[in-house]
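Chain by chain, the residues run as shown.
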Amino acid sequence: MATQTEDKVAYPIQRTFRLNYNHLLMKETAGYLINPRIPTSQKEIRIADVGTGTAAWALETAAKYPNATIHGFDISDEQFSPLYTISNVRLVVHDCFKEFPAEFVEQYDVVHARFWLCLVNNPDAPVLLKNLMSLLKPGGYLQWFEPLAKSVSVWKPDPNMPSPALDRHCKIWAKPKPYTTYEWVEQLPELFRSHGLTSVATDRHLIGDQFRAMWGQSNLAGYLDLVEENVEGVGDANDIKSFVRKLEEEMKKGASFDTTFLCVVGRKAL
């Protein structure tokens, strides 16, 4: 995603693959698409997926919950799957940092948000949260799922094994740019409460041993996506590729990194 709607946003095909790949990893890590504390057995349920990307979550959720009508929102349709045929899914182009049109306000029983980390700094979080809450019906549920950047740590079979590239990778996760502020993720439960949402769940999920290598490979692909997309301020392309090769070398020796994911669920007042 990006934060401007004026220009057409284009994405390399490997980013689409990576987002779908991450969707499957996160689903297996959490063990659910919708947190089990959120009721979903009602005859009809309306769900919004904000920052839907490839719509992988929306499409799988629609298949699992045929009683649901799902709208996926994203700033660009470049990542929408051209093959989606599920009748209870509608994909909409909208910048979620801006107010939603009236037709969507207070229309949803559940709003799902995930992987906003790279787009949101501390001042942005309340703005985005307010917009997402506007979609909820009274009594509706907001589910927000994010990696905890400060939790990222090196994992290796031999504690004495040198891992300078992975050490650097963990520091990048914690603060990728000088102006990056990720405290809002750690404070997401408090942010929910301060905006009037009743706490329903605060779950932490550690990436499983069986998925650690796959998660590492996804992160490597993320660096290469930055090069492909010519993202401003990420550094020289050759330096990034060299760094990725060093990460690969350490990972081939069995090293990787752990990440904890936070799922916060809040309920809007009736």
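Residues numbered from 1 in each chain as written. Predicted model: local features only at pLDDT ≥ 70, side-chain atom pairs only at ≥ 80, totals over all residues. Heavy atoms only, no water.

The name given to the chain in an unreviewed UniProt entry is S-adenosyl-L-methionine-dependent methyltransferase, with Letharia lupina as the source organism.

Under the definition given, this model contains 10 aromatic pairs. Taken together, a centroid distance of 5.6 Å and an interplanar angle of 85° make the contact between Phe97 and Trp116 edge-to-face. Placement of Phe97 in the loop between strand 3 (89–93) and strand 4 (108–114) and of Trp116 in the loop between strand 4 and helix 3 (124–135) is noted, with a sequence separation of 19 residues between them. Each member of the pair, Phe97 as well as Trp116, carries the same accessibility label: buried. On the basis of an interplanar angle of 50° and a centroid distance of 6.4 Å, the ring pair of Trp144 and Phe192 is categorised as tilted. Placement of the pair is Trp144 in strand 5 (residues 136–147) and Phe192 in helix 6 (residues 188–194), with a sequence separation of 48 residues. Note on Phe192: relative accessible area 3%, which makes it buried. Clustering of aromatic rings is evident, with ring pairs tying together Phe73, Phe100, Phe104 and Tyr108. The ring of Phe243 carries Arg168 above its face, with NZ or CZ at 4.1 Å from the centroid. A cation over a ring is seen here: Arg212 above Trp155, with NZ or CZ 4.3 Å from the ring centre. (Phe/Tyr/Trp six-rings, centres within 6.5 Å; stacked < 30°, edge-to-face > 60°. Helix = DSSP H or I, 4+ residues; strand = E, 2+ residues; numbered from the N terminus. Buried < 20%, exposed > 50% of the residue type's maximum accessible area, 1.4 Å probe, protein only. Lys NZ or Arg CZ within 6 Å of the ring centre and 35° of its normal.)

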